[in-house]
Structures are given as structure tokens and as C-alpha cells.
Amino acid sequence: MYIYKAAVIGAGAMGAEIAQAISFSGIPVLLKDVDRARVEKGIEVIRKIYQRRVDRGKMTQDELEKKLTLVTGVTSYDGFKDVDLVIEAVPEKLDLKRQIFAELDRAAPGTAILASNTSSLSISALGQATTRPHKVIGMHFFYPAHIMKLVEVIPGLDTSEETTGDITAFAESLRKLPVRVNECAGFLVNRILMPYLNEAAYCVQEGAASARAIDEAAVQFGFPMGPFTLVDNLGFDVCREVVNVLLDAYGSRMAPAAIWERLYALKRYGTKSGAGFYLYGERAGQPDPDLERVIAELCRSRQPTAFSIHRLVLPMVNEAIRCLEEHVCTAADVDLSVIAGLGFPQSKGGILHYADEVGLDAVLKELEQLAKAHGERFWPSPLLKRKVAAGHLGKKAKKGFFEYAE
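Numbers given for residues are sequential positions, taken from 1 along each chain in its written order. Under the rules for a predicted model, residues below a pLDDT of 70 receive no local features and side-chain atom pairs below 80 are neither given nor counted, while totals for whole chains, interfaces and linings still include all residues. Hydrogens and water are ignored here; the side-chain numbers use all heavy atoms of the structure.

This part covers helix H2 (residues 36–55). For H2, spanning 20 residues, the distance from its first C-alpha to its last is 28 Å, which sits close to the expected 28 Å at 1.5 Å a residue. Relative accessibility under 20% of the residue-type maximum defines a buried residue, over 50% an exposed one, and the middle range a partly exposed one, all with a 1.4 Å probe and only protein chains included. Segments assigned H or I by DSSP are reported as helices when at least four residues long, segments assigned E as strands when at least two residues long, and all are numbered from the N terminus. All of the buried residues in H2 are Val-39, Gly-42, Ile-43, Ile-46, Ile-49, Tyr-50 and Val-54. Buried residues in H2, looked at end-on, bunch into an arc of 150 degrees, giving them a common side. Projecting away from the buried face of H2 at angles above 90 degrees are the exposed residues Ala-37, Lys-41 and Asp-55. Contact between two residues is taken to exist if any of their heavy atoms lie within 4.5 Å; hydrogens are not considered. Against the buried residues of H2 lie helix H1 (13–24), strand E2 (29–32), helix H3 (61–68) and strand E3 (71–74). Counting of polar contacts relies on pairs of N or O atoms within 3.5 Å, with two restrictions inside protein: one atom must be capable of donating a hydrogen and the other of accepting it, and residues adjacent in sequence are counted only when both atoms are side-chain atoms. If you check the start of H2, you find a side-chain oxygen 3.3 Å away from the backbone N of Ala-37, and it comes from Asp-35. Every helix has an expected span of 1.5 Å times one less than the residues it contains. The arc in question is formed by the directions pointing from the helix axis toward the C-beta atoms.

For the rest of this paragraph, the subject is the sheet that holds strand E5 (residues 113–116). Paired strands, in this sense, are two strands between which DSSP finds at least two bridges. Strand order in the open sheet made by the eight strands is E3-E2-E1-E4-E5-E6-E7-E8, with mixed pairing throughout. Edge positions in the sheet fall to E3 and strand E8 (177–180), since each has one partner strand and no second. Ignoring strand direction, the axes of neighbouring strands in this sheet form an average angle of 25 degrees. Here four bridges tie E2 to E3, and the two strands are oriented parallel to one another. To obtain each axis, a line is fitted to C-alpha atoms, and for helices this fit is confined to the stretch in contact; angles are then taken between N-to-C directions over 0 to 180 degrees.

Moving on, we get to the environment of Leu-68. In this fold, Leu-68 is placed in helix H3. By relative accessible area, Leu-68 is classed as buried at 12%. Distance in space between the C-alpha atoms of Leu-68 and Tyr-354 is 43 Å, their sequence separation being 286 residues. Ignoring sequence-local partners within four residues, the contact set of Leu-68 consists of Ile-46, Arg-47 and Tyr-50.

Aromatic contacts are taken between Phe, Tyr and Trp rings whose centres are within 6.5 Å, Trp giving its six-membered ring; a plane angle under 30 degrees counts as stacked, one over 60 as edge-to-face, and the others as tilted. All told, the structure shown has 14 aromatic pairs when counted by the stated rule. Relative to Phe-277, the ring of Phe-228 lies with its centre 4.4 Å away and its plane at 55 degrees, an arrangement referred to as tilted. Remark: Phe-277 occurs in the loop between helix H11 (258–265) and helix H12 (289–299) and Phe-228 occurs in helix H9 (residues 227–234); sequence separation between them is 49 residues. Just as Phe-228 is buried, Phe-277 falls in that class too. An angle of 65 degrees between the planes, with centres 6.3 Å apart, marks the rings of Phe-344 and Tyr-354 as edge-to-face. Taken together, the residues span a long stretch of sequence, with Phe-344 in the loop between helix H14 (331–342) and helix H15 (351–358) and Tyr-354 in helix H15 at a distance of 10 residues. With a relative accessible area of 1%, Phe-344 lands in the buried category. What links up through ring pairs into an aromatic cluster is the set Tyr-196, Phe-221, Phe-223, Phe-344 and Tyr-354. In this scheme, Lys NZ or Arg CZ marks a charge over a ring once it lies within 6 Å of the ring centre and within 35 degrees of the ring normal. Over the ring of Tyr-264 we find Arg-240; its NZ or CZ atom is 3.9 Å from the centre of that ring. Lying across the ring of Phe-221, Lys-348 places its NZ or CZ 4.4 Å from the centre.

What follows concerns helix H7 (residues 189–205). With 17 residues, H7 extends 25 Å between its outermost C-alpha atoms, agreeing within 8% with the 24 Å of an ideal straight helix rising 1.5 Å per residue. Of all 17 residues in H7, 17 are buried; the element is thus mostly enclosed. Gly-207 sits one or two positions beyond H7 and adopts a positive phi of about 75 degrees.

By secondary structure assignment, the location of Asp-166 is in helix H6 (residues 161–173). Sequence separation between Asp-166 and Gly-270 is 104 residues; the distance between their C-alpha atoms is 37 Å. The contacts of Asp-166, once residues within four sequence positions are left out, are Met-1 and Ile-113. Among the polar contacts listed, one links the side chain of Asp-166 to the backbone nitrogen of Met-1, at a separation of 3.1 Å.

Everything listed here is a matter of geometry and, on its own, says nothing about what the molecule does.
Below, the structure written as C-alpha cells:
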């Protein structure tokens, strides 16, 4: 199925950037939101993305104007009668998304695919709100969507193979890297990312290291930015929604560090609110007594714990292995996704290649030590234990999560 016309629901930053990516590929796209002001703000985001291309000499002003004619801002479903694809990009609230999917089911033709840009919610539950669950699928872009190449393609329980193939081909037409992910809470990338961010928060609240020192260690390891810089840019409120979905699905191993709720209660949502783990705007670089007080209160009843970069990285490795156990995707797709979607150091080959390089026996031993010190969130996955027992120790044994030539 070729996509001749598309629509995006939600003209916020993510929705606008998705619409820009679609228009850049030459496809007309409707950008819908609840009022004209939000729609115009979204179109302005698109114009600024194109203007940066003009400023860098990558397109002419005339080409910019032609691309913008492909984007039509709307506040109703009147123009949806001939769309081939709708991508929903509204806040991470299941009831809101289900309501929108029910509306789209009535507004869009029966042949249209209805996709969600959700980062963690059930695609099957969204499909159930329609009369066409075989046409409902997850199409999860990564922020910023006009730059990041990875797109998770997530079929629900009722999604047809035809729909999955159509969305994979469409993602490729946008010059993206689609990775098929079998449905699970958090899908692939966020499921691997959150234990990393959460363990960084535990380290801060336990006095193991400062946010700044942890960020510097992560950058030295090879990440493009540290976990706290990333959280502040993503937004506390966004991360909080994902954490709650993962906690509900996977239980106590995803239990959030207490500092998340403490800072959220102080309305420290990150860069957009002027404060998160760091201060921004006029307060940038100034003393931060509120954060210091929260950390002091959380540290009061315990001795400081120890920090190491592996304390952050190994929970990611462990969760990636659990994804393999559950057949969420392949080992190769895990490594592609963490490099393209998380910025895991490309020089390390991806997170499972990194585990193979370190040695799976060494990874298991360190996870067991961390579990003894910090609890069940470090409990090694059964597949890791089986690999070690079988002598599949990684690169040194020529076999781990990948096979290596002599």
C-alpha cells in the first residue's frame, strides 16, 4: 500500500517534527490539533526546521516554500476522508489515545492505517478502540524526530502482516531505520533506557556521586550526553509516564528512585520548566539549595553507596537480554536500536556486543555482586545464566550473543 496522503494528530514538538519528516519525503500531510494557535505553533516548528536547512545551504528558499505547501494545519477531521495513514502523537495517556482512535475510526476511510507514536502504551488496547484492529500499529519515532533515524514498528496482537510491512516500507521512504518490535510495555528502547536513567537517580539519592559527575562519566564512556542532561531534555513528566507503565508491567525491578517524585512534586520538569536535575535560564550555574535539600533528606538514614559506570550500563544489558528471552526482537536489532535510538557508543558495537566483549561470565559476576549490594533490580536474567553455563562467554569463547570468527 502506497501512502499518498498522511495526517498527524498533535501539533506539539514531536507531532510537528513527524509532519516535517513526512513533507520532506514529498507526501502531503495534515497537522491537526484542538485549536488554531497550537496548529500554527506546530507549523512554525516545521518552518524553522526547513529554515535551518536553507541557512546551511542544503535547500533554497523556494524549495522551503514548496515543502511547506505540503503541510496543511487543521482543527477538525473534515479533510481525513482520503488519508492513507494517520499518526497519533498526543500525550501519553491511554484514555485520551483510545478516544482519538475511536474518532479516527469514524473519520478516516476503512483502508487507512492508524498508527500511534506512543513510547510505551499498548497497541493492542488502542486497536480495541476501533473496528479495524488489523490496521492499528505502533510507529514510535525518537526525539528529535526530524533528525533521529530509528523508528520502532510495533504490531499489536491483531495487527496484520500487511499493515506491518506497509509501515516498515513507509518508514524507509522517510529515510528512517525501522526496527520491528514485538509488543511489550516500553517496547525496546525505552525498556532498556529506563533502568539506566533510574539507576543514575538511585546513585544521586544515595550519595554515590553528584549528577554532574555521573553525566561526565557517561560521556567519557561514550554516550553523547549524560543521563541527567537527557532526562531534563526529555522532560520529567514524560519520563514519569513511561516509568509508571514499566512499573505496572514488570513490577519491583522497575521501581523508581524516590528522587523522581520529590523533584516532580517541586515542578522541576527539566529544561522546559527551568529546573530539573540542573538549573536553566537565569539560574543556570547558581547554587541549588532545593536539590541539595532533597538529596540530603534521602541520604540521611544511610551510608553513601559506590558509583561505577557499570552500575548504570549493566541494568541496560540485563534488560536487553530479557527482551531476547521474550522474543521482542533479535540481538542485531537490539544493538542497532540502542546505537540509533539511545546514542549507545557506536565504537562499542551495541550493548550486546559490548557484553560479549566484556565477557558474559564477568557481566554475570558483576550483576550478582550488584544484586547483593542493591537488591533485585540487578537480578541476572535466566538467559544470561544459561549462556554462561553453556560456555557461551562472548568474544573470548567465539560465541556469546553473536558468533565470532577464529
